[in-house]
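A look at the structure
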Amino acid sequence: MINGIQGIRLRRAAAVAMTTGAVLASGALHAAPAQAATAPTIVAKGGYAMNNANSKTLYTKKADTRLSTGSTTKIMTAKVVLAQPNLNLDAKVTIQMAYSDYIVKNNASSARLIVGDKVTVRQLLYGLMLPSGCDAAYALADKFGSGSTRAARVKSFIGKMNTTAKSLGMTNTHFDSFDGIGNGANYSTPRDLTKLASNALKNSTFRTIVKTKSYTAKTITKTGSTRTMAAWKNTNGLLSSYSGTIGVKTGSGPEAKYCLVFAATRNGKTVIGTVLASSSTAQREADAKKLLNYGFAQLG
């Protein structure tokens, strides 16, 4: 009798083992390793990643801590321009000496726009987002702000940036510049910038620009001839080093350190996020890749 019971138990155990083996072999439990993935450690002071489809948080590190944004600010600059009613992307803007002087005074990143050239709004957006041109940012703020003086127009444009931030629920964000070279009151958070980028990516022009690695603008000179500008290279290294990257924007500065708002799509799923105040260009990219890998592991 005892032997009979033991035999039944052994047969049951063998059956369970076989069933489990079959399930593992079929891959039905493939989600288990993803759930067990350990959250990565990043150098950046703040980090955030989410599933772009439903805004579900995938990673957080001081996601709501206010930090300097550097040129990631330019995502909002582009967003405000692209939201203008009846926007004509082919409208021409004449480059003013003030934009050039501003670059020199602040030792700022530049699209190397030439004073007197006529440049389209579309070209200015590429100059803004690829080489991170603060001259392009100034030109756009001057063009799309309202007022009788340049200072008034710039102030108006920055006001639009802050109004847009409020409308998007960016509760820990404030802009005091059109390009990230602020006066001590230009800040956001990893969560807020991710929210902004997710919204901006709904615009097809924005999507096209931020995934472009290189762009060559042909501008119109004072004399009416065509100038072929030196190619603008995208400062986002992920476009060349991480498969599926679709954007978005780098940022750096003495206070901001090294920042990156990033997004990538794989197998129809998009992970989007931000790292702020990392230690170098290479490290911000390494931090972003860790968050992307971790995010995709959770999405399966």
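Refer to the structure presented above.
Report on the accompanying structure. (Residues numbered from 1 in each chain as written. Predicted model: local features only at pLDDT ≥ 70, side-chain atom pairs only at ≥ 80, totals over all residues. Heavy atoms only, no water.)

Details of helix α11 (residues 281-299)
- The terminal C-alpha atoms of α11, which comprises 19 residues, lie 27 Å apart, in line with the 27 Å expected from a rise of 1.5 Å per residue.
- Along α11, the positions that sit buried rather than exposed are R284, E285, D287, A288, L291, L292, Y294, G295, F296 and L299.
- The elements touched by buried residues of α11 are β1 (46-51), β2 (56-61), α10 (238-241), β11 (245-253), β12 (257-266) and β13 (269-278).
- Looking one or two places after α11, you find G300, whose phi comes out positive at around 80°. (Helix = DSSP H or I, 4+ residues; strand = E, 2+ residues; numbered from the N terminus. Expected span 1.5 Å × (residues − 1). Buried < 20%, exposed > 50% of the residue type's maximum accessible area, 1.4 Å probe, protein only. Contact = heavy atoms within 4.5 Å.)

Describing the nonpolar core
- In terms of nonpolar packing, the biggest core is built from 63 residues, with L125 and F206 touching the most fellow members.
- In terms of residue count, helix α6 (residues 134-144) provides more of this core than any other element does, eight residues in total.
- Once residues lying within four places of it in the same chain are set aside, the contact partners of L125 are A78, V81, L82, L89, L140 and I209.
- With 18 residues, the next largest nonpolar core counts I42, Y59, V275 and L292 among its residues. (Core = buried A, V, L, I, M, F, W, Y, C linked by side-chain atoms within 4.5 Å.)

Brief notes about the environment of A288
- Tracing the chain through its elements places A288 in helix α11.
- The exposure class assigned to A288 is buried, which follows from its relative accessible area of 0%.
- In sequence terms A288 and V275 are 13 residues apart; their C-alpha atoms lie 6.6 Å from each other.

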